[in-house]
Every structure is written in C-alpha cells, then in structure tokens.
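Secondary and tertiary structure notes
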Amino acid sequence: MSVAEEPEVSAADRPRAAAVGTWLRATASEIERPTAIRAAVVAALFLFVLLALPGLVSTFWLQIGTTVAIYSIVTLSLALLVGRVGLVSLGQISLLAVGGWVAVRLGFAAPGLPFPLLLVATGVITGAVGTLIGLPALRLSGLYLALITLMAAAAISVALQVTNFPNGGPGFLGYSGALAGSVSAKLHRPDWLASSASFYRWVVVVAAVMFALGVLHVRSRAGRSWAAIRQSEPSAIAAGVNVTLYKLWAFALASFMTGIAGGLLAASAGGLTTYGFPAQDSITLLAVVLMGGVFSFWGPVVAALLLKLLPELLKNWGLPPDLLTILFGLGVLQVMLTAPAGLVVQVPRDLAGLVAMVRGRLAGTGPAEPAE
Amino acid sequence: MPDFRPFLVLGLALGGVFALSGVGIVVLYRATGVLNLAYGAVGALGALISWSLINVVLLPDWEAYLVAVAFGGVVTLLYGTLFGPPLAQRDPLVKAVGTLGFTLILLGIMSWAWSYQAHSLILPTTQLGFEVGEVRVNGTQILGLGLGLVVTGVAAAFLRFTKLGVAMRSLANHREITATLGVPVRRVEAAAWLGAGLLAGATGLLLSTLVGLDIVGLTFLVIASLSAALIGRLESLVVTMIAGLAIGVVQACLTAFDSVGPYRTMTPFVFAIVALLWFGFAQGRLSRT
C-alpha cells in the first residue's frame, strides 16, 4: 500500500517485455521522437544549470543553489522509497545528519583520502546504517514502519545533541569540548573545489549521477520488483520476487544517496550544526516530496526547490518563512485528498484544463471538458 | 546508590501526562483508525493561546485554561469533521500522514504568531506543595499523575459500559457493519475527535508547566506519548498507562547517572523501538485495522 495511489502505471513500471513488444511494433521514429526531445530538454537544462548559472547569480544565490542540489539528492531518495517501493520513512533528515557525521569523522581520521572516495565511503557506511534502520521493514509495514523510523530519527537527534559533530577530538566520537570554539564541524574541501562555483558544479554533477542511478534502478529489474512489492506484497512473493532482498536494497540505495548528500553538506559553506537536523524537518521533507510528486523524477527537483529555494525567496521579499510551513501542511492534505501524483502532474493537467476551458468559452461553445 | 526519590516524583508526574495523552491517542485510533500525530501541536497551541490570554488580554487564569482545553477540542473536531470522512477508506498510513499536514499547519501558525521566543506558563497548582518524607511534591505533579490514572479509568469504563463507548469499540472492529447496524458513524467519530482534542488541550497545559512552554518541544512530545500508546498496541488503555508511567520514571531516574543522563530523553524512543521490533518479530505482523 502506498501513501499516494498511483493513477496509472508508468511506462517504466511495465515489464520490459511489453516495452520491447511496443518497440518492435512501432516504427523507430515514433518511439524515439518524444524520448529524444525529452533527453534533449534534460540535457539542455542540465548544461544551463551546470555551466551558465554560476555566471548569472551572486555567491549568495549560488550557495542556495548548492543547497538545493544537495537536498535534491535527499528528496530523490525519499521519493524512491515512497513512490517506487511504498515505504514511508520519517527519518531521512536524521540519516542526512548521520551522513554528515560519518563524512566529518572520516575527514579527521584519514585526511589524505581523495574527496570523491571519501564521499563514496560515507555513502556506503550511511547505507549500512540506513539498512539497519530499514530491517524492521521486513516485518512491519505501512504505519508501523513510518513510526519506527520516526522514533529512530528522534533518538538519533537526541544522541547528536549530546555527542556533537566531530571536530578532531580524541576517541571514536572525535569531539572535544576544548576545541569547540576554534574548530568547526566542517569537511575540508580539496583545492580544486575551493571556490563556490567549482563546488556548486561538483555538487550538480554528483546530484545528476544520483538521479541517473535512480533512473537506472527504476528501469531495471529492481524497479520492476519494487513496483510489484508496492502494488501487492503477496502477489510479488507469488511472482517470485525476492521481497527481502529488494526492500533492503531500496533502503540501502536511499541511505547511500542520503549519506552522499550528508557528505556534500558537511563540505558546504556553512558546515554542520547539531541544531541543523531537527526531527520536524523529516516531516517537512515528506511534505514537500509528496507535494512535488513521487512518481516522476521531476518531483524531487520541485521538492528541493520548495524546501530550500522558496524560503530564501520569501525572506528576500520580506515575508515570514513560517507561512511556508502552513503552506506545506495544506499541500500535504491537498495531495492526500485530490492529487496523489503531486504538483508535477497536477499543474500541467490543470493548466491544460484551463486552456481548454478558455478556448471553449472564446469559441462560444461553452465550457469544454478538461483535457486529460 | 543515588537517592532516586526526587526523580521518582518527577518521573511519575511526567509519566502520568504521557499516559494521559497516550490514552487520548488510543481512544481516537480505536474509534476512527486515525493516529493523530498533531496531538502535541494542538496542546502546544492551546497553551500558547492561554499564555496570550493571561499576559496580553489579562483574562483571569482559570478562564484562559478553560479556553485552552476547549480550543483543543474544537480544533481537533474541526480537523476530524473536514478530513476524517474523505480519508476514512484509506490506509492508516495515509490518515496519519494527513495529521502530519495538520501538525505543519499548527506549527507554522505558532512560530509565525508567537515566534520561537521563550514563553512560560505555570499552573497555579504548582504553588500548592507538601513534603512526602524528605521530598517536596507540588500540586501540578499530583495533578499530572492523578489525571493520568483517572482518565485511563474513566475512558476504560466509558468504552466498556456506555452506549457511545460500545459504538466506538464496534467502529474499531468494522466500520461498515457498524454503520449497517444503525450506529451514526459520523456522530460517534465526532465524539471521539472532540474527546481526544479536549485531552490534547489539557495535556498541553500540564506539559507546559512540567516540561516548559516550547513550541517544537511540546509538539514532538507527542512522539514520547506515542511510545506508550504503541506499547499498548494502540489498543489497551491499561497497558498504555503503565507504559507511560514506566517511561516517565525510567527517564527521570536516568538523570541520576552521569554516563547515561544526557541521553535520557531517548528513553521513550528506545522503549517504542524495542516494543515494535518485539511485536514485529516475535508475534508476526501487527494487525492493520
């Protein structure tokens, strides 16, 4: 059972055999034109964001852009869990904090480790932690799984308040109160990533790699197994899907991604603070992910923009960012009631409906049916 | 061996309030199938409103407290009436996520109108106090424990012996069959929402005196109360009460140990995780009514 019932089975979920069959029947141009256009749009947008954007905005907005890109990895991981597998985690922000902790700890333990390797190691360790938290998912489903991740998140945030992020102190925890004022919990960036623009570009590339990883999974055997599990676990078992393996794999993948985001966050301009990862942020995260839409890869991008760009815009316009919390709350209820596929599906559909209605009125034929 | 007696008093009072809110959560879940995660936020907003009524509008204290409790009932009933029926046929998870949306709305209102600055609300019962042995006990602590015990007893008797209570229990078993038997489902559910909301308002007042009037802190104390409710399997009021008291006492007594003292607020979460794992692995799946 998923939080949002998917209105239709997306092409990626259909067995590959069916897709191949369609491909054989259709002429090459028919099938390739929309795919090519879509790929071109994605590539153009990616190149614009990667190459042109740093030259157009100030350092402040570039840092916001960096944060948006980092959080798009987190929203992607939660969207995969909720939308593809039907597992709701309320502990993703705490896992992000774990990722940050691991990255900073590794940074102090092995200063010579190249940055990309450190990121991968952080992802792997966080992935192991996340899989451990996900173990109950094998036995508990739905509501109880969401609650256990919420409890784990609350416990992690209490532990974090006590242990702090490592700052080069002794022992396993690596925190020393004596160093607290002079050394911040921040991952040292290598020279080639020292400038804001180069770090921003690196983050965008890493985020793109994570999205590619997500797309690859959804289009492969893993994605089809997840779809089967989401729609009905007993049928998935009957169809020979290894439910244990693919549920744990989903948790491992989502935690790996979140860990990498944590490592990037540790290296970003602000560094890490223990009050930066409160339990309520996991709830806000779920809210924006549901609002953005969990069945499309554009959803997590929209969610990250809602989460990290919108508050800054509101502050810029002199509006209180608390309004957003209210908006996100209303958004969740609206998504639950009327738009299970999120904004990325709803807005284009409603706009198309509006256009059709206006055209109908102008033509004098009365209101037309909204286009589906 | 440290002297546990002062911590025992603190723990029983806090545990009583955990039990009180745990009972509110269980009664609502049994009647409507909704796990109300906005419970803490409703209590916190009620406490803030009564703070403003006392310090800004200069209303008499007891009127302000009544308003807080009534506010809890009304706003929870409003949510239940608006969003309960459309979500009634959905998965329990969807209903719970809906209350998370409600939580965010309340949190946004609170941090916008009252900001994150510190407020304090001390119930007049705190001034009443007496010595038990060598330990000082104040009236609010007695009130917390007493309300926890009394409400558990009253709620259990209510579900067992009254017509409305029996209707709520049958709703918990099967919504459609209950409706077929002529039980006015919406009205019974509304009563459950109202009752749970009134309890949320009272809990908010007690906790803001016992723990402190902190928006985020109070909102997320619901997670601690939820632990008690989960140990009661969202079903047994008595187990919920005992679990609430146990969590409160263990958490308070851990203060006496320097090595684990700082981690004591993890107590409810650890209790809940262990309980969920045990239910999950030792006794098969939890039922999903």
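From a predicted model like this one, the values you see are computed outputs, not experimental measurements.

Here the focus is the overall build of chain B. Across its full length, chain B holds 11 helices and 2 strands. A globule of 289 residues ought to have a C-alpha radius of gyration of about 19 Å, and chain B, at 19 Å, matches this closely. Evaluated residue by residue, chain B yields a buried proportion of 52% over its 289 residues. Across chain B, contacts joining residues at least 24 apart in sequence account for 76% of those joining residues at least 6 apart.

Let us look at the overall build of chain A. A count of helical and extended segments in chain A gives 14 helices and 0 strands. Mapped in sequence order, the helices and strands of chain A form the string α-α-α-α-α-α-α-α-α-α-α-α-α-α. Taking all 372 residues of chain A together, the buried fraction comes to 45%. Pairs at least 24 apart in sequence give 73% of the contacts found in chain A among residues at least 6 apart.

Attention now goes to the interface of chain A and chain B. Between chain A and chain B, the contact holds 39 residues from the first and 41 residues from the second. For the side of chain A that touches chain B, the leading source of residues is helix H6 (residues 142–163) of chain A, giving 14 residues. For the side of chain A that touches chain B, the per-class residue count stands at 32 nonpolar, 5 polar and 2 charged.

Bringing the environment of Ile326(A) into the picture now. Tracing the backbone shows Ile326(A) in helix H13 (residues 322–337). Taking the C-alpha atoms as reference, Ile326(A) lies 21 Å from Ala79(A); in sequence the two are 247 residues apart.

Let us now look at unusual backbone geometry. Residue and element names in this part refer to chain B. At Arg233, a position not held by glycine, the phi torsion is positive, near 55 degrees. Structurally, Arg233 can be placed in the loop between helix H9 (215–231) and helix H10 (237–253). Unlike most non-glycine residues, Leu234 shows phi in positive territory, near 55 degrees. Looking at the secondary structure, you find Leu234 in the loop between H9 and H10. Take Leu234: there are 25 C-beta atoms within 10 Å of it, and that puts it in the buried class.

As a further point, take helix H3 (residues 61–87) of chain B. The end-to-end C-alpha distance of H3(B), which contains 27 residues, comes to 38 Å, matching closely the 39 Å that a straight helix rising 1.5 Å per residue would cover. A bend of about 30 degrees at Thr81(B) is the largest found in H3(B), and the proline Pro85(B) appears one to four places after it.

The next point concerns the packing of H6(A) against helix H4 (residues 92–113) of chain B. Relative to each other, H6(A) and H4(B) sit at 45 degrees, their axes nearing to 7 Å. One element, H6(A), and the other, H4(B), form an angle in the oblique class. Contacts from Gly142(A), Leu143(A) and Ala146(A) in H6(A) reach Pro92(B), Leu93(B) and Ala96(B) in H4(B). Its residues assigned to classes, the contact of H6(A) with H4(B) comprises 5 nonpolar, 1 polar and no charged.

Below, the discussion takes up the environment of Leu56(A). Looking at the element boundaries, Leu56(A) is found in helix H2 (residues 28–56). Placed 47 residues apart in sequence, Leu56(A) and Ala103(A) show a C-alpha to C-alpha distance of 31 Å.

Further remarks concern the packing of helix H2 (residues 39–55) of chain B against helix H8 (residues 185–210) of chain B. All names here are of chain B. As a packed pair, H2 and H8 sit with axes 7 Å apart at the nearest point and diverge in direction by 65 degrees. Here the hand of the crossing between H2 and H8 comes out right-handed. Across the interface between the two elements, Tyr39, Val42, Gly43, Ala44, Gly46, Ala47 and Ser50 from H2 touch Gly197, Ala200, Gly201, Thr203, Gly204, Leu205, Leu207 and Ser208 from H8. Class assignment of the residues belonging to the contact of H2 with H8 gives a composition of 7 nonpolar, 8 polar and no charged.

We now examine helix H1 (residues 5–32) of chain B. Relative to the 40 Å expected for 28 residues at 1.5 Å per residue, H1(B) spans 40 Å between its end C-alpha atoms, a close match to the ideal helical length. With its phi angle positive at about 75 degrees, Gly33(B) sits one or two positions after the end of H1(B).

Another aspect to go through is the environment of Leu307(A). Relative to the assigned elements, Leu307(A) resides in helix H12 (residues 298–316). Placed 95 residues apart in sequence, Leu307(A) and Ala212(A) show a C-alpha to C-alpha distance of 22 Å.

The next point concerns the nonpolar core. Ranked by size, the top nonpolar core spans 203 residues in total, and within it Met151(A), Val203(A), Ala250(A), Val289(A), Met291(A) and Val332(A) carry the most contacts. With 17 residues, H1(B) is the largest single contributor of residues to this core. Those residues in contact with Val203(A) that lie beyond four places of it in its chain are Thr66(A), Ala69(A), Ile70(A) and Leu264(A).

In this section: the confidence of the model for chain B. Residue and element names in this part refer to chain B. Confidence along chain B averages 83 in pLDDT terms, with 94% of residues attaining 70 or more. Segment residues 285–289: pLDDT under 50, and 9 contacts once partners within four positions in sequence are set aside and those in other chains are kept. Here the predicted complex scores 0.83 on pTM and 0.83 on ipTM.

Time to look at the confidence of the model for chain A. Residue and element names in this part refer to chain A. Put simply, chain A has an average pLDDT of 79, and 83% of its residues get 70 or more. Mean pLDDT across the elements of chain A ranges from a minimum in helix H1 (residues 16–25), with 42, to a maximum in helix H10 (residues 243–267), with 91. A low-confidence stretch, residues 6–31 (pLDDT under 50), is modelled with 17 contacts involving residues beyond four sequence positions or located in other chains. Predicted confidence for residues 366–372 stays below pLDDT 50, and this span has 14 contacts to residues more than four positions away or in other chains.

Calculation notes
- Residues numbered from 1 in each chain as written.
- Chains lettered and ligands numbered in written order.
- Predicted model: local features only at pLDDT ≥ 70, side-chain atom pairs only at ≥ 80, totals over all residues.
- Helix = DSSP H or I, 4+ residues; strand = E, 2+ residues; numbered from the N terminus.
- Rg over C-alpha atoms; globule rule 2.2 N^0.38 Å.
- Buried ≥ 20, exposed ≤ 12 C-beta atoms within 10 Å, placed from the backbone.
- Contact = placed C-beta atoms within 7 Å.
- Nonpolar A, V, L, I, M, F, W, Y, C, P; charged D, E, K, R; others polar.
- Expected span 1.5 Å × (residues − 1).
- Bend = angle between axes of the 7 residues up to and from the residue.
- Axes fitted to C-alpha atoms, helices over the stretch in contact; angles between N-to-C directions.
- Parallel < 35°, antiparallel > 145°, perpendicular 65-115°, else oblique.
- Left-handed = near helix turned anticlockwise from the far one by under 90°.
- Core = buried A, V, L, I, M, F, W, Y, C linked by C-beta atoms within 7 Å.
- pLDDT = per-residue confidence, 0-100.

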